[in-house]
Amino acid sequence: SDSALTCTVPRPSQLINGPRVPVVVQVAGQLSMSTLMFEFTDPLPEIHGITPLHGPAALDKLLTFTGLNLDVLDAITVGGTSCQLAQVPVKVGEQQLPLGSIAMCRLGPVMGSGLVVKVRARVSQIAASYVDSGFRFNVDAPMVLS
């Protein structure tokens, strides 16, 4: 439109928050500088905890992630198995949850122990590669009833 401009800024090779810089646009050889300043920030997720960290092999499990910037999560895997992102509540009781402080996913049947929990974030509308969250999920040993 005549009053809006949308552009994609490539991610810098070195991640540095700031500095604030003006936006300069050149159209047909004419430069125009905005009065608003642009600041690149890298909202990568920080995972502080996952619950539960164990569960039965055969049943679906709802995993809850806590941390910062979790609203940029694009995908989650546990031991290579996709964990379907779930709707996150915005309130617990009367308490408003900070944006990006909780993520949830539904994990189907899995086997094994020490399963690596990996996450992928969406940065500038581009999906980054999966990274190890530092957490491991363990499948509970089945109980044998005689």
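This write-up is about the structure you can find in this document. (Residues numbered from 1 in each chain as written. Predicted model: local features only at pLDDT ≥ 70, side-chain atom pairs only at ≥ 80, totals over all residues. Heavy atoms only, no water.)

## A closer look at the state of the cysteines
To keep it simple, the criterion reads: The disulfide definition used here is simple: a pair of cysteine sulfur atoms within 2.5 Å. What counts as a helix is a DSSP run of H or I of at least four residues, what counts as a strand is a run of E of at least two, and both are numbered from the N terminus. Categorising residues by exposure relies on relative accessible area from a 1.4 Å probe, with only protein chains included: less than 20% of the type maximum marks a residue as buried, more than 50% marks it as exposed, and the intermediate range marks it as partly exposed.
A full pass over the atoms with the stated rule returns 1 disulfide. Between the sulfur atoms of cysteine 83 and its disulfide partner cysteine 105 the distance amounts to 2.0 Å. Its S-S torsion of about 85° marks the bond between cysteine 83 and cysteine 105 as right-handed, since a negative value means left-handed. Residue cysteine 83 is found in strand β7 (residues 81-86), and its partner cysteine 105 is found in strand β10 (residues 102-107); the two are separated by 22 residues along the sequence. Cysteine 105 carries the same exposure label as cysteine 83, and that label is buried.

## With respect to a nonpolar patch on the surface
Defined as follows: Patch building starts from residues that exceed 30% relative accessible area and form no salt bridge, then joins like charges within 9 Å and nonpolar side chains (Val, Leu, Ile, Met, Phe, Trp, Tyr) within 5 Å. To be clear on the numbers: accessible area is Shrake-Rupley with a 1.4 Å probe, and residue cover counts the displayed protein chains and nothing else. Should a side-chain nitrogen of Lys or Arg be within 4 Å of a carboxyl oxygen of Asp or Glu, the pair is scored as a salt bridge.
Residues Val21, Val23 and Phe38 make up a contiguous nonpolar surface patch of about 200 Å² in total accessible area. By the element assignment, valine 23 lies in strand β1 (residues 21-27).

## Regarding the pairing of strand β2 (residues 30-38)
Applied cut-off: Strand pairing requires that DSSP identify at least two bridges connecting the strands.
A small share of β2 lies buried, amounting to 0 of its 9 residues. Alignment of β1 against β2, held across 6 bridges, turns out to be antiparallel. Each residue of the ladder has a partner; that of glutamine 26, found in β2, is leucine 31. Counted between consecutive antiparallel strands, the loop separating β1 from β2 contains 2 residues, among which alanine 28 sits at a positive phi close to 50°.

## Re the layout of surface pockets
If you roll a probe as big as a water molecule over the atoms, it shows you where there is empty space left. Let me state the cut-off plainly: Of the grid points, spaced at 1 Å and generated over the protein atoms alone, those admitting a 1.4 Å probe that cannot get out make up cavities, while open sets with protein on both sides within 12 Å along at least five of seven lines make up pockets; any residue with an atom within 4 Å of a point is treated as lining. Grid points are joined across faces, edges and corners, and a volume is the space filled by probe spheres set on the points.
Looking at the largest pocket, its volume works out to about 280 Å³. For the lining of the largest pocket, the secondary-structure elements that each account for two or more residues are β7 and β10. Looking at the lining of the largest pocket element by element, the count peaks at 3 residues for β10.

## Re the nonpolar core
The test is simple: Here, the term nonpolar core denotes a set of buried Ala, Val, Leu, Ile, Met, Phe, Trp, Tyr and Cys residues that are joined through side-chain atoms within 4.5 Å. By definition in these notes, contact holds between two residues if any of their heavy atoms fall within 4.5 Å.
The biggest cluster of nonpolar side chains holds 20 residues, and the ones touching the most others in it are Leu63, Phe65, Ile76, Val78 and Phe137. The set of elements that each furnish at least two residues to this core consists of β3 (46-51), β5 (61-68), β6 (73-78), β10, β11 (115-123) and β13 (131-139). Those residues in contact with valine 78 that sit more than four places away from it in its chain are Leu63, Cys83, Leu107, Val110, Leu115, Val116, Val117 and Phe137.

## Examining the pattern of salt bridges
As enumerated under the stated definition, the model contains 2 salt bridges in all. A salt bridge links aspartate 132 to arginine 136; its shortest N-O distance comes to 2.9 Å.

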